[in-house]
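In case you want the letters, here they are:
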Amino acid sequence: MVDAITEFVVGKIGNYLIEEASMFMAVKEDLEELKTELTCIHGYLKDVEAREREDEVSKEWSKLVLDFAYDVEDVLDTYHFKLEERSQRRGLRRLTNKIGRKMDAYSIVDDIRILKRRILDITRKRETYGIGGLKEPQGGGNTSSLRVRQLRRARSVDQEEVVVGLEDDAKILLEKLLDYEEKNRFIISIFGMGGLGKTALARKLYNSRDVKERFEYRAWTYVSQEYKTGDILMRIIRSLGMTSGEELEKIRKFADEELEVYLHGLLEGKKYLVVVDDIWEREAWESLKRALPCNHEGSRVIITTRIKAVAEGLDGRFYAHKLRFLTFEESWELFEQRAFRNIQRKDEDLLKTGKEMVQKCRGLPLCIVVLAGLLSRKTPSEWNDVCNSLWRRLKDDSIHVAPIVFDLSFKELRHESKLCFLYLSIFPEDYEIDLEKLIRLLVAEGFIQGDEEMMMEDVARYYIEELIDRSLLEAVRRDRGKVMSCRIHDLLRDVAIKKSKELNFVNVYNDHVSQHSSTTCRREVVHHQFKRYPSEKRKNKRMRSFLYFGELKFLVGLDVETMKLLRVLDLGALRGPFASNGDLIHLRYLRFDGDSLRLFDIAAIISKLRFLQTLDASHLCPIYDTIDLRKLTSLRHVIGRFFGNLLIGDAANLQTLRSISSDSWSKLKHELLINLRDLFIYEMIRSVPVSWASLTKLRSLRVLKLETYGRNLSLELEEAVRSMDVISPSLESVTLVRITFEEDPMPFLQKMPRLEDLILENCDYSGGKMSISEQGFGRLRKLQLFMERLDELQIEEEAMPNLIKLEIKVFERETKLRIPNRLRA
């Protein structure tokens, strides 16, 4: 595991030597020497990692290397901070810069000399105790693009979830769900040990076509061991999709009892299906059941749990279904689907080796898919090596193979993927992880290196998809062929937490216990209860990241001023005094609830964060302050409801801009937004209208949302747009909200060749017929028309050949529909 950290630090030394060459000129040779020594040591660490069991001497030596690598990072980051801080001084303070720079230079020379002595001592200890056998490190240079190309070849395409061995279970439970004679609320509980596939089975039922047709109102929530009733209720309310954004903001402040009443009111008189995933105690269900009406509409609730007493201890009408282990034949079928994707020829010896390993998995699906993910990237000759390693680790049949398979799969990862896997330990149990947020965090942490061919976000996505491909991470939601959210299984999360603790990589605090006691951990994460976060941890000078997952709490005693090396600050719903004099020079990621602006002047703080990459104020509260980002030239993602002025300067790196007023948008130099991919513009009353010509300049734009307050829009009015045969060739998704069309918008929108999703929400068109031609929308997969008025819709027979989802709702008058039979429900 330590090898992942050393390789990361070696890369960081290299980056400093290249990107900040003038800053580190005085110690360039010493740093080069440190980098070389650490690279060699990394080779020995790889050898230690490859062993089935580490001896105590190797463990202690590895810890020395870990501490050394972290100290190197601290010295470089601290020196960089001091020089940057001096460069920003104004007035009389600038007079001290010359003396200060000399003192800083002497200081880092001394620090580097001490580090050199330490690394020589570490090398001597290795030689004295005979640790490791040197494995040559990989060739120098940036291999990012090569690795990503390999990932792209190996990565599986967008796959539907396959549930092997549970077909009979699914059939039985589907009959229970669709039983027309059962009019009362009926509960189905699925129970069994972790890794058997309870959640996968529940999701298969939830996404079944028959279930979607039967239950108009469906919701999914998770509970886990650490739960808050209010959070569970809010997830159900959001999942139902019946509540507006403004209403969600209002009820978010409700007490648990008020949320129960609100949810009960939403579902009263309706036929609903609610899935409650991963319940650990009966009290959690007791808190929920009051909010779910016992009506006579044929509603259903599905519960998954590991605890038999929970599954069978429900009141009312219920059916408890115990999941079994897979038979060997089922286990082999599941293994074959995943393990042989890259193997053309399967000889008898390979099949025999595979079957021996599958037999040891004892019918546990999670263990089987992780093993298959590991072997799918191996050549046939390497299968025997994995098999032999498995046997050496299994002393007797009393040891379960699952933890060993998980460990083997982790060790096979490249260092970037190891860091990504370890980072998953920051998220609460059963948490649905937004993939874009995870990507932004990984980039901000400095774990990802891009190059001329690929942006860092694309590289990060491929590393995450490698984890999904290896079944170390589960894809939960996909859109336009991309994974949008994911989840780590509890058993694998335990592995990530354990390894993160050993590496001093992440420290998690929850309601009951701290997972780790170090006061110098690199990343501190608080789940739920900030007030229990020990005060001495709040002044950790070596901290690189602080993240909060939980309900609204007041921020007390988090001493940001001392955290000068901080790269990630995710305050979540924390409120209260937050101060910074601009010293957060290393900060790359800042996220906060928009409501926090009422309590401190965040606008002034943001304007000083020169190297910030992500500004996320994505909560529902609008921001009316002027936010000046003109000096923040490294910005990649700006997210929030910016109702005030949003001032942006050099935006060449900007990829996400959600959302910006049309007034602020009109003042930007659109031709400089060469990497902008995701854009949300809203028009206020009496604001400057959006020019469609400005949007056509965005050659990388993939997602566009435009929201107005009922303004008339003539898409073909602008001469610069009307003459174009192809408009916005990179656009994949367009959402238009509250727009009144003066003419049929479809001929204009059909000029977007890569469009896959088109949503017209609360739009109005009273001009007669809306037509989609035979050549129209060749790639479109989803079309949603939620119109105030629409007289007639005509879709030609050959139009939209790839359409999967069509929804049409017109509120004020009946619409004449002329659409092909293949598109009718």
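These lines cover the structure that appears in this document, whether it is placed above or below. Small disclaimer: the values here were computed from a predicted structure and weren't measured.

## Points about the overall build of the protein
Phase 1 of the analysis: Scanning the protein from N- to C-terminus turns up 27 helices and 29 strands.
Phase 2 of the analysis: Scored against the burial criterion, the 825 residues of the protein give a buried share of 56%.
Phase 3 of the analysis: Taking contacts inside the protein between residues at least 6 apart in sequence as the whole, the part at least 24 apart equals 62%.
Phase 4 of the analysis: Carbon together with sulfur atoms contributes 49% to the accessible area of the protein, which is approximately 35,800 Å² in total.

## Structural notes on helix 16 (residues 365-375)
Phase 1 of the analysis: Among the 11 residues that make up helix 16, 11 are buried, leaving the element largely enclosed by the rest of the structure.
Phase 2 of the analysis: Of all the residues in helix 16, the buried ones are P365, L366, C367, I368, V369, V370, L371, A372, G373, L374 and L375.
Phase 3 of the analysis: Close packing links the buried residues of helix 16 with helix 14 (328-339), helix 15 (348-360), helix 17 (380-393), helix 18 (402-411), helix 21 (456-469) and helix 22 (490-502).

## What to know about the state of the cysteines
Phase 1 of the analysis: Taken as a whole and judged by the stated rule, the model has 0 disulfides.
Phase 2 of the analysis: Free cysteine C367: the closest other cysteine sulfur is in C361, separated by 3.4 Å.

## Comments concerning the nonpolar core
Phase 1 of the analysis: Grouped together as the largest cluster of nonpolar side chains are 139 residues, with contacts concentrated most on F335, F421, I448 and F505.
Phase 2 of the analysis: If you tally residues by element for this core, the top one is helix 3 (residues 56-87), at 11 residues.
Phase 3 of the analysis: Counting contributing residues, this core receives three or more from each of domain 1 (1-129) and domain 2 (166-322).
Phase 4 of the analysis: Residues contacting F421, with those up to four places away along its chain left out, are F410, L413, L467, L472, I488, L492, V495 and A496.
Phase 5 of the analysis: Formed by 78 residues, the second largest nonpolar core is a distinct cluster that contains A603, I606, L676 and I772.

## Some remarks on the sheet that holds strand 8 (residues 482-487)
Phase 1 of the analysis: Ordered in space as 6-8-7, the 3 strands form an open sheet in which the pairing is antiparallel. Single-partner strands in this sheet number two, and they are strand 6 (433-434) and strand 7 (474-479).
Phase 2 of the analysis: Relative to strand 8, strand 7 runs antiparallel, the two sharing 5 bridges. When the bridges of strand 8 are listed, A475 appears paired with C486.

## Focus on the pattern of salt bridges
Phase 1 of the analysis: Counted by the stated rule, this structure contains 56 salt bridges.
Phase 2 of the analysis: Its salt-bridge partner being K12, residue E73 comes within 2.9 Å of it at the nearest N-O pair. Pair noted here: E73 is in helix 3 and K12 is in helix 1 (residues 2-19), with a separation of 61 residues, a long-range link. For the pair shown, E73 and K12 are each scored as buried.
Phase 3 of the analysis: Here D407 and K499 are joined by a salt bridge, their closest N and O atoms 2.7 Å apart. Of this pair, D407 sits in helix 18 while K499 sits in helix 22; the two residues are 92 residues apart in sequence, bridging distant segments of the chain. Each member of the pair D407 and K499 is classed as buried.

## A word on the side chain of T229
Phase 1 of the analysis: Inspection of the secondary structure assignment puts T229 in helix 9 (residues 229-240).
Phase 2 of the analysis: Excluding residues that lie within four positions of it along the chain, T229 makes contacts with D256 and S287.

## Focus: the sheet that holds strand 4 (residues 300-305)
Phase 1 of the analysis: Strands sit in the order 2-3-4-1-5 across an open sheet of 5 strands; the sheet is parallel. Both edges of this open sheet fall to strand 2 (217-222) and strand 5 (318-322), since each of them pairs with a single strand only. Between one strand and the next, the sheet's axes are offset by a mean angle of 15 degrees, whatever the strand orientation.
Phase 2 of the analysis: Relative to strand 4, strand 3 (residues 272-279) runs parallel, the two being bridged by 5 bridges. Looking at strand 4, one finds that L273 is bridged to R300.

Rules and cut-offs
- All residue numbers refer to positions counted from 1 along the written sequence of the respective chain.
- This being a predicted model, a pLDDT of at least 70 is required before a residue's local features are given, and a value of 80 or more before pairs of side-chain atoms are given or counted; all residues contribute to the totals for chains, interfaces and linings.
- Each side-chain value is worked out from all heavy atoms of the structure, with water and hydrogens disregarded.
- Strands here mean DSSP runs of E at least two residues long; helices mean DSSP runs of H or I at least four residues long; both are numbered from the N terminus.
- Each residue is placed in one exposure class: buried if its accessible area under a 1.4 Å probe, protein chains only, is under 20% of its type's maximum, exposed if it is over 50%, and partly exposed if it falls in between.
- The contact criterion used is simple: two residues touch if any of their non-hydrogen atoms lie within 4.5 Å.
- Every accessible area reported is derived by Shrake-Rupley at a probe size of 1.4 Å, with residue values counting cover from the shown protein chains alone.
- Two cysteine sulfur atoms make up a disulfide if the distance between them is within 2.5 Å.
- For this analysis, a nonpolar core means a set of buried residues of the types Ala, Val, Leu, Ile, Met, Phe, Trp, Tyr and Cys, connected via side-chain atoms within 4.5 Å.
- Boundaries of every domain are those given by an automatic assignment or by a domain database.
- Should DSSP find at least two bridges between two strands, the strands are regarded as paired.
- Salt bridge, as applied in this entry: a Lys or Arg side-chain nitrogen positioned within 4 Å of an Asp or Glu carboxyl oxygen.
- Simply put, an axis is a line fit to the C-alpha atoms, just over the touching stretch for a helix, and the angle between two N-to-C directions goes from 0 to 180 degrees.

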